Amino acid sequence: MSSLEFRNLTVTFGRGEKTVVAVDAVSLVVPDRTVVGLVGESGSGKSTLARAAVGLVDARSGDILVDGQPATTGRRRRGGLQMVFQDPYSSLDPRMSIGASIAEALPSDVRRAERRGAVAELLEQVGLDPLLAPRMPSGLSGGQRQRIALARALAAEPAVLIADEITSALDVSVQGQVLNLLREVQRGLAMSVLFISHNLATVCYLSDIVAVMERGRIVEIGPTEQIVADPQHPYTRELLESAPRLGEKIDPEQLAVPD
Amino acid sequence: MSTTDIAEKMVDRAAARAGTGRGGLLRRLATSPLGMAALLVDLLLLLLVVFGPMIWGAAAEEFDVDNMNSPPTDGHLFGTDSLGRDILLRVLVATRLSIGLALGATAIGAVIGLLLGAIPAVAGPRVGRAVVAVVNVAVAFPGLLLALFFASIFGASPSGAMLALGVAFAPGFARLTQTLTAGVVGRDYVSAARVIGVGRLRIIGRHLLPNVADTLVVNISLSAGGALLAFAGLSFLGLGVQAPSYDWGRMLFDGLDGIYVNPAAALAPGLAIVLAGLALNLTGEVGAQLVGRRVGSARLPAKPATGAATSVADGPDGSPGADDLVLDLRGLTVSFPRGRGEKSVPVRGVDLRIARGEAVGILGESGSGKSLTAMSVARLVPDPARVDVQSLTFEGRDLSANTSRELRRMLGTTMSVVFQDLMSSFNPVMKVGRQLAEVATEHQGIGRRAALDRAIGRLRSVSISRAEQRALQYPHELSGGMRQRAMIAMGLMGSPTLLIADEPTTALDATVQRRVLQLIAGVRAAEQSALLLISHDVAVVAAMCDRILVMYAGRVVEDIPVDDLLAGPRHPYSRALLAAVPTIQTDRSQSLRTIEGRPPQPADYPIGCAFAERCAFASEKCQQDPVLEPIDNGSVACWHPQQGPVPGVVIDSPAVVSRQRATTATAGPVMPSHEPSRTRERGR
Ligand SMILES: Nc1ncnc2c1ncn2[C@@H]1O[C@H](COP(=O)(O)OP(=O)(O)OP(=O)(O)O)[C@@H](O)[C@H]1O
Ligand code: SF4
Ligand SMILES: [Mg+2]
């Protein structure tokens with residue numbers, strides 16, 4: 001069993017009059033072995049929700065639970081939360097070899113002698129050549145870097161993986177490779193995944209359940225097919241309508257200026 | 001946004017991407033003549049430090065009672081001191097103590113400074129704030145004053161003075177470290193390390209310091225020169241080295257007593273201080289220059305063309321003549337030196353013609369040369385790239401020869417660029433609205449008020465809510481996504497005849513992407529601008545453009561009207577790109593179609609078709625270079641052009657669909673069964 005649950009989570013930035021409520025009393029469950037896709041406009045609080053889950057920002061109130069227990073991260077305890085970040089060019093330390101970056105995330109009880117083998121296995125798992133381990137990340141493509149970032153997250157043996165926009169900095173053809181890989185790994189390890197993206201098409205492709213976020217709140221959630229076929233919330237409908245379709249032309253006359 | 005600003009940011013980013021390995025600084029030091037000289041003097045000093053006292057230590061202590069306070073003689077090149085000891089030997093021997101103490105003081109300062117400086121980056125906010133406050137107060141004191149203060153506390157001894165100087169230097173280092181690490185700490189790899197559970201000290205040691213080391217080392221060696229002078233000062237004041245030990249400062253002090261009898265006794269140690277100080281400073285300076293060069297400013301514009309300029313003739317049949325062209329670029333090559341006379345050529349012979357008001361899209365994977373092509377047009381390619389063209393005409397003017405300031409002004413008003421990636425920094429201390437407005441006031445002479453109004457309008461149309469208030473905020477007060485949109489708005493402030501947009505909507509969500517595209521289309525309609533739109537997303541390019549160039553490995557492989565592209569392009573790579581875009585209709589039970597493998601790197605472009613390795617239709621013939629040949633309404637560079645609709649791709653345009661039906665009826669299916677999913681199976 002591995003599930004992630006946000007209970008009434010609120011995250012704010014700043015104080016007094018300037019307070020921004022980035023995440024507003026969000027409750028969301030990522031059930032066992034399920035991919036939940038979180039889609040929403042930029043600034044809607046998707047990343048903040050993810051960063052709160054792994055402890056990079058503090059929640060103002062509410063709970064984050066893994067299997068009903070307060071969430072943990074880190075390599076000291078298996079079965080916590082791990083995250084893969086958006087920008088593959090900034091998520092790997094340029095001064096650290098690929099192998100060292102991955103090894104750093106291995107649970108602390110993995111013996112020194114076993115570490116090299118563990119790293120090689122992880123590289124294999126994400127479809128990379130284990131011989132890459134001693135190399136520095138410079139010169140690797142975005143897709144390769146993202147695979148390494150995924151390997152690093154998997155190294156900590158998390159119960160739930162959070163993927164925040166992991167394909168948006170990649171080329172279309174490489175995007176497909178990374179998405180295919182994430183799906184393979186998720187199925188192979190029977191992991192639960194919170195998949196965050198602004199791209200509705202990739203979210204729908206990968207997720208069993210889709211949650212739509214707008215201005216810090218989850219405005220709609222449901223099985224992917226249902227969200228696509230029968231959206232209830234106006235924002236979800238707008239998202240679906242705006243999704244790029246091949247062959248359609250952009251009409252400047254329609255530029256609706258919001259307030 | 002002016003093209004100059006962008007160029008600078010671009011170079012910063014290129015530098016950040018390039019990253020240098022360990023030891024790179026030393027190697028680069030050795031390659032500059034000034035650096036060479038500094039290294040030589042450093043080496044000399046090092047030899048003196050190590051061997052000086054061993055060789056001359058005893059001789060420097062010998063009393064020559066016949067020659068006390070003697071002026072320079074043959075036996076004593078700089079004379080002797082009050083006990084008849086040879087000044088020159090003593091100066092040489094004193095190198096060890098002088099340099100050693102200076103380096104010791106620097107090291108103490110550096111260590112304390114590094115620790116203090118790195119704490120705010122990893123400690124909780126409260127501790128961090130306290131440390132920053134303390135450092136700020138300490139930095140405000142003059143260093144020498146601090147040193148004197150501590151020296152009198154720690155007592156008049158070499159170690160006391162070393163400690164005092166070290167402590168006095170610490171705040172400066174702390175401030176520098178704070179600034180540098182603050183830049184690194186926001187990077188995702190530090191966040192990732194935290195999520196993994198890496199401890200604070202380890203984060204400092206393994207992730208923060210190594211990434212700021214170059215700059216720190218340079219500053220430390222600069223300070224070592226300062227420490228040397230400061231230490232000499234302390235010894236001179238009697239607060240440092242005490243007899244019978246001696247360093248240069250102490251000798252200077254002693255020498256001054258007999259200045260009228262033997263001026264050389266003061267001159268020699270003085271000279272030593274100045275020379276050694278200079279050498280240390282020079283090492284630091286040269287290092288700083290080299291580090292600085294990596295992140296320094298771009299030189300604009302890129303090298304003008306050297307190729308034979310051809311006359312601007314009318315295009316081939318059917319294409320517009322020179323007068324109707326906004327841009328006519330022929331034979332563009334961009335290359336980067338790779339050392340040892342080699343070079344890599346990421347753009348190899350691209351022709352690009354854009355008619356007045358036409359919208360042209362460039363499609364291709366990253367590394368295919370799309371952005372370099374666009375940057376070459378805007379003359380924004382950073383050093384050390386070399387741009388060669390056969391001809392480059394913009395608005396009827398020959399840009400290939402012209403490099404004047406007048407040209408830059410002309411480009412500033414007639415060409416707008418929206419380079420999402422490159423503009424990733426606003427001026428942090430200027431309000432967003434003013435920065436946008438400045439574009440219009442500077443380049444178009446619009447009044448301040450009107451410019452601000454336009455800025456607010458543009459902000460609103462990129463979906464920034466409460467635009468009036470946002471305009472009055474500073475860049476860091478907006479979310480990342482908002483900042484990005486504000487930058488797009490800034491790129492759209494002008495009224496250009498050619499608008500160049502490089503991935504303007506990547507990473508924007510669908511609703512905002514749509515609005516940004518509508519805004520671009522709107523600016524284009526209002527100003528009658530031509531558009532050069534670059535994207536790796538077929539849907540975006542197809543929605544905005546009349547004609548599309550598909551680039552692969554530095555060449556245009558297909559040039560095709562949009563509707564033909566949608567109906568089914570001819571080049572296998574174009575077809576694969578079309579198939580790779582997931583849409584909401586994509587079948588969830590299937591793996592996504594991908595193009596297996598990677599595009600070749602510019603350094604090892606193969607002979608023949610560069611796509612051959614990934615192409616399902618490759619044959620023997622493909623080992624020869626295919627050239628761009630006219631076909632239908634466009635042209636294609638492929639030995640085995642395909643036709644008909646691409647299977648599995650849903651086109652949302654009745655006109656295109658009916659055309660597809662017509663062609664399939666005559667041509668039949670042409671995709672081989674192995675072309676789709678080529679995903680490898682992986683275990684576990
Ligand atoms: N450090 C901060 N200080 C003040 N406000 C912040 C800070 N970080 C985020 N915010 C605000 O929180 C809100 C949500 O931001 P967040 O970056 O989490 O959204 P997002 O959906 O991930 O957006 P994007 O797609 O742009 O990354 C925004 O209104 C933003 O302005
Ligand atoms: S030339 Fe040959 S290898 Fe290249 S795209 Fe055409 S068929 Fe494929
Ligand atoms: Mg985000």
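For the structure, see preceding data.
Presented here is a report on the structure given in the accompanying data block. Values in this document were obtained by computation on a predicted structure and should not be read as measured data. (Residues numbered from 1 in each chain as written. Chains lettered and ligands numbered in written order. Predicted model: local features only at pLDDT ≥ 70, side-chain atom pairs only at ≥ 80, totals over all residues. Heavy atoms only, no water.)

Comments concerning the site of ligand 2
This is how it is decided: Here, proximity means that at least one heavy atom of the residue falls within 4 Å of the molecule or strand. Three classes are used: nonpolar for Ala, Val, Leu, Ile, Met, Phe, Trp, Tyr, Cys and Pro, charged for Asp, Glu, Lys and Arg, and polar for all others, with Gly counted as polar.
What surrounds ligand 2 is the set His571, Pro572, Cys609, Phe611, Ala612, Cys615, Phe617, Ala618, Cys622, Cys638, Trp639 and His640 of chain B. Along the lines of polarity and charge, the residues of the shell around ligand 2 split into 10 nonpolar, two polar and no charged.

Side note on helix α1 (residues 46–53) of chain A
Residue and element names in this part refer to chain A. Put simply, the test is: Relative accessibility under 20% of the residue-type maximum defines a buried residue, over 50% an exposed one, and the middle range a partly exposed one, all with a 1.4 Å probe and only protein chains included. Working definition: helices are DSSP H or I runs of at least four residues, strands are E runs of at least two. Numbering for both runs from the N terminus.
Within α1, six of the eight residues are buried, which leaves the element mostly enclosed by the surrounding structure. Taken residue by residue, α1 has Lys46, Thr48, Leu49, Ala50, Ala52 and Ala53 as its buried positions. Immediately beyond the C-terminal end of α1, within one or two residues, lies Gly55, with a positive phi of roughly 80 degrees.

Some words on the pattern of salt bridges
Which entries qualify depends on this criterion: What makes a salt bridge here is a side-chain nitrogen of Lys or Arg within 4 Å of a carboxyl oxygen of Asp or Glu, nothing more.
Within the structure shown, the criterion is met by 22 salt bridges over all chains. Residues Arg245 of chain A and Glu248 of chain A are paired through a salt bridge, measuring 3.6 Å at the closest nitrogen-oxygen approach. Looking at Glu248 of chain A, the relative accessible area reads 18%, which means it is buried. Residues joined by salt bridges that share partners form a network here, namely Asp328, Arg330, Asp351 and Arg353 of chain B.

Points about the sheet that holds strand β8 (residues 192–197) of chain A
Residues and elements named next belong to chain A. Our working rule: Strands qualify as paired when DSSP identifies two bridges or more between them. Note on geometry: axes are C-alpha line fits, over the in-contact stretch for helices, and angles between N-to-C directions span 0 to 180 degrees. For this analysis, residues touch if any pair of their heavy atoms sits within 4.5 Å.
An order of β6-β7-β8-β3-β9-β10 is seen for the six strands of this open sheet, with the pairing classed as mixed. Strands with a single pairing partner mark the edges of an open sheet, and in this sheet they are β6 (81–84) and β10 (217–223). Averaged over all pairs of adjacent strands, the angle between their axes in this sheet comes to 20 degrees, without regard to strand direction. Inspection of the sheet shows strand β3 (residues 35–40) paired to strand β9 (residues 209–214) by five bridges, in the parallel sense. Residue pairing for β9: Leu38 is matched across the bridge by Ala211. Sitting on the sheet, helix α4 (residues 142–155) is in contact with β6 and β7 (160–164), with an inclination near 175 degrees to β6. In the packing of helix α8 (residues 234–242) onto the sheet, the strands contacted are β3, β9 and β10, and the crossing angle to β9 comes to about 105 degrees.

As for the packing of helix α5 (residues 125–140) of chain B against helix α7 (residues 158–185) of chain B
All names here are of chain B. Inclusion rule: Each angle gets one of four labels, with under 35 degrees taken as roughly parallel, over 145 as roughly antiparallel, 65 to 115 as roughly perpendicular, and the rest as oblique. A clockwise turn of the near helix away from the far one marks a right-handed crossing, whereas an anticlockwise turn of less than a right angle marks a left-handed crossing.
The contact between α5 and α7 brings their axes to 9 Å, and the two run at 130 degrees. With respect to their mutual orientation, α5 and α7 come out oblique. Crossing of α5 against α7: the hand is left-handed. Facing α5, whose interface residues are Val131, Val132, Val135, Asn136, Ala138 and Val139, α7 presents Pro171, Gly172, Ala174, Arg175 and Gln178. Split by residue class, the contact of α5 with α7 holds seven nonpolar, three polar and one charged.

Describing the site of ligand 1
Formally: The definition of a polar contact used here is a pair of N or O atoms within 3.5 Å, where within protein one atom must be able to donate a hydrogen and the other to accept one, and adjacent residues in sequence count solely through side-chain atom pairs. Using a 1.4 Å probe, the Shrake-Rupley method yields the accessible areas, and only the shown protein chains count as cover for residues.
The full set close to ligand 1 counts 13 residues, and Gly43, Lys46, Ser47 and Thr48 of chain A together with Gly481 of chain B are the nearest of them. Around ligand 1, the neighbouring residues derive from chains A and B rather than from a single chain. Separating an oxygen atom of ligand 1 from a backbone N or O atom of Gly45 of chain A is a distance of 3.2 Å. At a separation of 3.1 Å, an oxygen atom of ligand 1 approaches a polar side-chain atom of Lys46 of chain A. Computed on the free molecule, ligand 1 has an accessible area of 630 Å², of which 71% lies beneath the protein chains in the complex. Counting only elements with at least two residues in the shell around ligand 1, the list comes to β2 (20–30) and α1 of chain A. Among the elements that take part in the shell around ligand 1, α1 of chain A stands out by supplying three residues, more than any other. Taken together, the residues of the shell around ligand 1 break down into three nonpolar, eight polar and two charged.

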